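Given next are the chains, with one letter for each unit.
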Amino acid sequence: MAEVQTDKPLAESTSKTKTNEPIKSQSRGAVIETNIVDEMKKSYIDYSMSVIVARALPDVRDGLKPSQRRILVAMNDLNLTPTGHYIKCAKIIGDATGNYHPHGDAAAYGTLVNMAQDFSTRYQLVFGQGNFGSIDGDPAAHMRYTEAKMTRYTVALLEDLEKGAVSYQPNYDARLKEPSVLPGLFPGLICNGAEGIAVGMATKIPPHNLSEITDALINMVDLGNKWSGKPAYNRLRHEKENAEKIPRVLSNQPESCFENYLEGATLNEGEVLYPTFRSEITVEELMKFVKGPDFPTYGIAYNKKEMAEMYATGRGRVLMRAKADIEELKGGKFAIIITELPFQTNKAFLIEKIASLVKLGKIKGISGLRDESTKDGIRVVVELSRNSNPQTVLNKLFKYTDMQKAFNANMIALVDGEPRTLTLREILEQYLTHRIVVTIRKNEFNLSQARYREHILEGLKIALDFLDEVIATIRASKNQEDAKVNLITKFKLTEVQAQAILDMQLRRLAALERQKIEDEYKEVQKNIKDIIALLESNDKILSTIKADLLSLKEKYGDARRTKIVAGGVDDFSEEDLVTNEPTIIALSSLGYIKRTNPNTYRTQKRGGKGSVAAKTKDGDFVKELFMCETHDSIMFFTSKGKVFVVKAYDIPEYGKQAKGIPIVNFIQIDADEKVTAVLPKRTSDKSQKYFIMSTKQGIVKKTKLSEFDKIRASGLIAISLNTGDELSYVKSTSGKDNIMLITREGKSIQFKETDVKSTGRNTKGVTGIKFASDSDFVVSMDVIPSPDGRNLIISDNGYGKFTSLTNYPTQKRGGKGVKTMEITTKTGKVAETRIISNGESEIMVVSEKGVLIRIGITKIPTLNRITQGVRIMKLDSGDKVASLAVVEENIEEPEEK
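Just so you know, these numbers come straight off a predicted model, no measurement behind them.

Participant: Please clarify how helix α18 (residues 495–503) should be interpreted in this entry.
Facilitator: Given 3.6 residues per helical turn, the α-helix brings residues three or four places apart onto the same face. Among the residues of α18, Gln497, Ala498, Ala500 and Ile501 are the ones counted as buried. One side of α18 holds all its buried residues, which, seen down the axis, span an arc of 160 degrees. Relative to its buried face, α18 has exposed residues pointing more than 90 degrees away, namely Glu495 and Asp503. Structurally, α18 contributes buried residues whose contacts are with α15 (424–465), α16 (467–476) and α17 (480–491).

Set out below in structure tokens:
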């Protein structure tokens, strides 16, 4: 390296030289000394602005960064239409970097890949053919192995580019011109979102649903707007047309004709070159259309309150969760099936994280983990051990893994070349402003072309009107140039008109061809009037934009992918996700519980064999079966006199043949404790004020419902029991009802509820019925709201009947009661009873082997108390009736469509 020669040592020379004084060097020329702090500050600011404007941030108008825009323009140059052929990505990237983008091909290819990935981009701008990576984080193949072409959304972005709709600027070496922005009919910024890290700032905009965005934009247009100043283009256009006979026509580059004669134009007070769209629409009004972000990987997004804050300020947080369902596997085990992931979640990393948490013991209850995903969708199976609680495991997965994560939005974009934090309304306003400008410039282009064509047709008409003279003039000319000059001089034509006459083919002289010129001339004149009328009317410009948006939605709109939940994860309940509808709760004798749609059981005739209701273990049978609604709280009373509460929607829903899930997954009961009574607690039913309870030994007790308002997860004591006794039945009452107890050996007693004094939870009851034998016990307790009902009795062997309640005398509690059914070896002992009111139309009877029959109550006869009844259900040998439930009249089979 050559040395720099100076008369003094460098340190001495530098220290004594005045600032900004040039120092002459024998080998390098003049050097200007400056303060290093000032130089670094200036250079860093220049670098920062270059990164912000030319690399990292998207333009608010088309939603693209320069690299994305240049790649799409290069694809447009190659004519890679959606219906056309694919071409190698190496060719696309080569053209993009060679013609427009002054950066490396590796970075440019990464941008193209991102626009082609369906899990990264909500609306793909590039169709990829080949390996473009995966949601597992696999990289794309090299550009020489992949092919691509534009999608229909890209076509919408580029629409009218050739009509001078946007300005052009020189490319990096000034050889070519590139558009500074795309016309952008597709609202790319808000629909696809954006992410980028600049210097001192970063942007992160969530994607949205195109149909919802177009609805919001159309509503904004319908509400009207405030123009920011009076548009000057009409006045300037008239001035231009008066100054020149022929408006300038576009040549080789699509520069706007209107822009050409705006250069140096003087604006009057209150005038603007282009109007700016402004709206007074509120965030609440916008969110009637824009429900929330719509991520390409589906999933669930929470908390509309936080979303509203994000839309109002440009900054906010969207909490996302994976979609995970609990399914029953063979062998009685359960699994969590993950089918949708939060946006930007790496599936492979997620599976590794779950495996690591299981290995470390942070999540217990997982016995297997496998990825069953295919090209058709995601499916990750988390198998659970037999005794684990699926909901508890799922909650831990949400807590410790990326199955739950936040999207921290920071909606920054370039507005007039400057970075700005934008609200949702401002983004939509900027889009509409851009579309106004594009619409004006496009129609100015169309007007220019129409004026030029009108001018040509006027020349052709002159030629046809003086055809013989024109021919003679041309024949008398020495050459083409001489003929052009002679035509211009003799017929007062312009140069372009004379050239058009010289280029006219002889066939145009035919009569029909001459008529076509006349018709075209009239059509062009009409077109000119229509364009001028549009440009002079703000309402027509907005109507054109609205029509474009409606067409965009019709062609490209799709259904929402991400489900929106109004509440947050911490303050929302499952009720936000579950429709309140009728359901059947079934509990087996061994403690398996499930929820079933009532329409899965069809009505059958009396005496049928029924259908399989649930696959149960040997010795197990359905013990409790009742109707409720999914939003009801289900109260579980146990044999030891305790009570627990679970929401109905928390109980997994299964088909009629599934046995369900162990009740121990929901309530904390001892090994020798079992659930003996289950009933819904409907807080909306103000008529119910008490719980009436009955033990197996005939003890009854009444307690206010308010005593059970706050039930801990560990349960509450509902009744104190005598040694050897157990709680068997619990019903809600109004305080003025009659109570009926029925025993295993066919005895019954009806007494007034007022005979039982209300006591607190931790108390014993009073005697309800006395038994004639030590082997007898209570098999049913029911509430009689009025004497108009009937008592339905079902025996072990499937015999049943109705008996009018008027046949049952009202007695004092504590007696032995009266006979309610004739017990024989054919009928078997009493299995179940129910009081049936007029609002109930069907019953379901379930056997110990899980067979169920659903029959209408009109098929069952009404008989006296001391009768055997008729066969209701045929049972196989060794099978017995286990339970019955009534179906309300409004629960119908689904109608055929």
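Participant: What is the right way to read the nonpolar core from this model?
Facilitator: It is characteristic of soluble globular proteins that their nonpolar side chains tend to be buried jointly. Ile71, Met75, Ile92, Leu112, Phe186, Leu428 and Leu432 are the most contacted members of the largest nonpolar core, which totals 113 residues. Here the element with the most residues in this core is α15; it accounts for 16 residues. For isoleucine 92, the contacting residues outside a window of four places in its chain are Ile71, Ala74, Met75, Leu78, Leu80, Ile87, Leu112 and Ala148. Ile692, Val779, Val783 and Ile835 belong to the second largest nonpolar core, which has 24 residues in total.

Participant: Help me understand unusual backbone geometry in this model?
Facilitator: Among all residues except glycine, the phi angle is most often negative; among peptide bonds, the trans geometry is most common. Phi is positive for asparagine 79, which is not a glycine, with a value near 60 degrees. If you check the backbone angles, alanine 174 has positive phi at about 65 degrees while not being a glycine. Looking at the element boundaries, alanine 174 is found in the loop between β6 (168–170) and β7 (177–179).

Participant: Looking at this structure, how should I read the packing of α17 against α18?
Facilitator: For any two helices packed against each other, one specifies the crossing angle of their axes together with the interaxial distance. Remark: α17 packs on α18, axes separated minimally by 9 Å, with the N-to-C direction vectors making an angle of 125 degrees. By the angle class used here, α17 and α18 are oblique. When you trace α17 past α18, the crossing you get is right-handed. Seen from α17, the contacting residues are Gln480, Ala483, Lys484, Leu487 and Ile488; seen from α18, they are Glu495, Ala498, Gln499, Ile501 and Leu502. Of the residues assigned to the contact of α17 with α18, the class counts are 6 nonpolar, 2 polar and 2 charged.

Scoring rules and cut-offs
Residues numbered from 1 in each chain as written. Predicted model: local features only at pLDDT ≥ 70, side-chain atom pairs only at ≥ 80, totals over all residues. Heavy atoms only, no water. Buried < 20%, exposed > 50% of the residue type's maximum accessible area, 1.4 Å probe, protein only. Helix = DSSP H or I, 4+ residues; strand = E, 2+ residues; numbered from the N terminus. Arc of directions from axis to C-beta. Contact = heavy atoms within 4.5 Å. Core = buried A, V, L, I, M, F, W, Y, C linked by side-chain atoms within 4.5 Å. Axes fitted to C-alpha atoms, helices over the stretch in contact; angles between N-to-C directions. Parallel < 35°, antiparallel > 145°, perpendicular 65-115°, else oblique. Left-handed = near helix turned anticlockwise from the far one by under 90°. Nonpolar A, V, L, I, M, F, W, Y, C, P; charged D, E, K, R; others polar.

No statement about biological role is implied by the geometric values presented.
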